[in-house]
Amino acid sequence: MKHMRFILLGAALSLAACDHATPQLAAPVAKNPAPATSTSKKQSAFVPPSESDIPNDDFGKQIALGRQIFIDPARYAKAYVGNQLSCENCHLDAGRLAQSAPLWGAYPMYPAYRSKNHHVNTFAERLQGCFNYSMNGKAPPLGDPVLVALETYAYWMAKGAPVGASLPGRGYPKLAKPALAPDYARGETVFKRDCALCHGDNGQGQQSAGRTVFPPLWGSQSFNWGAGMEQVNFAAGFIKANMPLGRGNTLTDQDAWDVAYFMDAHERPQDPRFTGSIQATRASYHDTPDSLYGTEVNGRMLGQGQPTD
Amino acid sequence: MNTLRATLMVLLTLWGSHALADAPNGATIAQQGNGHGVAPCLACHGADGAGQAAAGFPRLAGLSQAYLRKQLDDFAGGTRVNATMQPVANGLSDAERDAVATYYSKLPAPAWTLSPAPSGDAAQTGQALAVRGNWTKSLPGCEQCHGPDGVGVGDHFPPLSGQSAVYLSNQLHAWQQGARRNDPLQLMQNVATRLSDADIAAVSAWYAAQSMAPSKEKQP
């Protein structure tokens, strides 16, 4: 029984919405990642419709609204957003880019069973999780115009994609385990060399003319401890394929793991599922080597949820 | 009372000029040169630091101190090749570079005569590159690094608005040719090599027609 619970928990961990793994992801990534320039073309046969093809009718209006929410949720879905991020920050090119968890890769894979809550989750439920965790806000209720518009946008983008087939380019690439265990000090070196220019010396990001240009990587304005990017494996895959901006696939795998570890070893807002105890919360939701929540790094217990920035 | 104020002013001025006696004065260099062969900057960059659009002399007013300073070092060090500016930068001492960079960073962004907006295909290409980029070529939008409407971000990302089409396209070509190779993480080198000549013309014209105050709404 205890054993059983463990397995279920493990599965649950990898299935939380916009927070953890993609259900049934059929690891589509080639063993030798191609350079940035050819990645999207070679690995994803699927080409989403062009934005200029958004129809000019009432249906098209919902597609366009969904796109606006995705790019600028602080403006178009204000009530549900609790930080300075946008969906596009982690799903590049307005959710179109392969290897950046594109919407066309996600939409045809729902509804999906999640052992976490023992029921089949619709796409809309999946979207709710993004607001709870990645956006550190609150979930729009089912049927809310925000979810309707986002779902319409994703549906339109997936036009022609086979239902239930995990397309190449879906999710983030799954990197092979690194030769050396990810390391804070090495990660800090990578961060200072390749990331701080944009994301700031303290990962706080940069704003200009009142808008987030470079999103915060940790601290009070970033994703919370329940978000998928909190897991070092997801972060490493995203970073390898997409960072530094415009220079994807130039870091070594080792650098990507190290800098992902460094980023995820910083404080951020508390996991909304916090049970009152860091250890209990870790046991329930973070019991994986890929989460640093509830572990001690550099003499600091992570998961306090009180970033000091 | 008035006498007291006047006396104070005189004293302050004296004290001020004394304190600055050794440190080079940015305004003086800009307006008169440095007295050791470097021409006054305003001859090319204009009295208000707005530059001269047609000649490809860039705006300096209101750019960040760190960025201006870095460019002077890069001209001097040869990672930014330009026959006009390299002797200027080489002729300035360390302290003079600091002073003149500080001077221009504190000038208000000058009044800017917008060049006429491009039309047709060029307008579409320019705006698309500026706002969205071209991700099938791994090319981010310019404003993802240069900020909304290209107003610039922090110390490392200079504004594109308020610069002329001639200057902007000169820089993009310089990166393509390797004459400018001073960009951190090769970010601009990487951008420029993904642009065609038509792309460069379109995006340069688009930014030359942008006002320096960003619009309130994010472009679709």
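Above this text sits the structure in question.
Reading the values: the criteria
- Residues numbered from 1 in each chain as written.
- Chains lettered and ligands numbered in written order.
- Predicted model: local features only at pLDDT ≥ 70, side-chain atom pairs only at ≥ 80, totals over all residues.
- Heavy atoms only, no water.
- Helix = DSSP H or I, 4+ residues; strand = E, 2+ residues; numbered from the N terminus.
- Expected span 1.5 Å × (residues − 1).
- Buried < 20%, exposed > 50% of the residue type's maximum accessible area, 1.4 Å probe, protein only.
- Contact = heavy atoms within 4.5 Å.
- Polar contact = N/O pair within 3.5 Å; in protein donor to acceptor, adjacent residues only side chain to side chain.
- Salt bridge = Lys/Arg side-chain N within 4 Å of Asp/Glu carboxyl O.
- Nonpolar A, V, L, I, M, F, W, Y, C, P; charged D, E, K, R; others polar.
- Disulfide = S-S within 2.5 Å.
- Axes fitted to C-alpha atoms, helices over the stretch in contact; angles between N-to-C directions.
- Parallel < 35°, antiparallel > 145°, perpendicular 65-115°, else oblique.
- Core = buried A, V, L, I, M, F, W, Y, C linked by side-chain atoms within 4.5 Å.

A. Helix H13 (residues 253-264) of chain A, seen in detail. Residues and elements named next belong to chain A. Between its first and last C-alpha, H13 extends 16 Å over 12 residues, near the 16 Å set by a 1.5 Å rise per residue. When you tally the buried positions in H13, you get 11 out of 12 residues, the bulk of the element. Among the residues of H13, Gln-254, Asp-255, Ala-256, Trp-257, Asp-258, Val-259, Ala-260, Tyr-261, Phe-262, Met-263 and Asp-264 are the ones counted as buried. Of the surrounding secondary structure, the elements contacted by the buried residues of H13 are helix H10 (184-194), helix H12 (232-242) and strand S5 (296-297).

B. View of the side chain of Gln-206 of chain A. Looking at the secondary structure, you find Gln-206 of chain A in strand S3 (residues 206-208). For Gln-206 of chain A, a relative accessible area of 15% translates into the label buried. Separated by 3.1 Å, the side chain of Gln-206 of chain A and the backbone oxygen of Cys-198 of chain A make a polar contact. Among all residues touching Gln-206 of chain A, those that are not within four sequence positions of it are Leu-197, Cys-198, Arg-211, Thr-212, Val-213 and Phe-214 of chain A together with Val-153 and Gly-154 of chain B.

C. Focus on the interface of chain B and chain A. On the chain A side, the residues contacting the 28 residues of chain B number 30 residues. Taking the shortest distance from any N to any O, the salt bridge between Asp-93 of chain A and Arg-132 of chain B comes out at 2.5 Å. Remark: the boundary between chain B and chain A carries seven residue pairs in polar contact (both at pLDDT 80 or more). Breaking the side of chain B that touches chain A down by element, the ones donating at least two residues are helix H8 (143-146) and helix H10 (187-192) of chain B. With three residues, H8 of chain B is the largest single contributor of residues to the side of chain B that touches chain A. Its residues assigned to classes, the side of chain B that touches chain A comprises 12 nonpolar, 10 polar and six charged.

D. Region of interest: the environment of Asp-144 of chain A. Residues and elements named next belong to chain A. Mapped onto the elements, Asp-144 comes out in the loop between helix H8 (123-134) and helix H9 (145-157). Classification of Asp-144 as buried rests on a relative accessible area of 13%. Linking Asp-144 and Ala-124, residues 20 residues apart in sequence, is a C-alpha distance of 9.7 Å.

E. Spatial organisation of the state of the cysteines. A complete count under the given rule lists zero disulfides over all chains for this structure. Counting only cysteine sulfurs, Cys-145 of chain B is the nearest neighbor of Cys-198 of chain A, a cysteine outside any disulfide, at a range of 5.4 Å. The structure places no disulfide on Cys-44 of chain B, whose sulfur is separated from the nearest cysteine sulfur, that of Cys-41 of chain B, by 8.9 Å.

F. Looking closely at the packing of helix H7 (residues 120-131) of chain B against helix H11 (residues 197-208) of chain B. Residues and elements named next belong to chain B. The contact between H7 and H11 brings their axes to 8 Å, and the two run at 80°. Classified by the angle between their axes, H7 and H11 sit roughly perpendicular to one another. Contacts between H7 and H11 involve Ala-122, Ala-123, Thr-125, Gly-126, Gln-127, Leu-129, Ala-130 and Val-131 from the first element and Asp-199, Ala-202, Val-203, Trp-206 and Tyr-207 from the second. Partitioned by chemical class, the residues of the contact of H7 with H11 number nine nonpolar, three polar and one charged.

G. Broad picture of the nonpolar core. Formed by 84 residues in total, the largest nonpolar core has its most connected members in Phe-131, Tyr-153, Phe-191, Met-229, Ile-239 and Met-263 of chain A together with Phe-157 of chain B. Sort the elements by how many residues they give to this core and H9 of chain A lands first, with eight residues. Residues within four places of Ile-239 of chain A in sequence aside, it is in contact with Leu-251, Val-259, Ala-260 and Met-263 of chain A. Counting 19 residues, the second-largest nonpolar core is a separate cluster that includes Ala-61, Val-100, Tyr-104 and Leu-107 of chain B.

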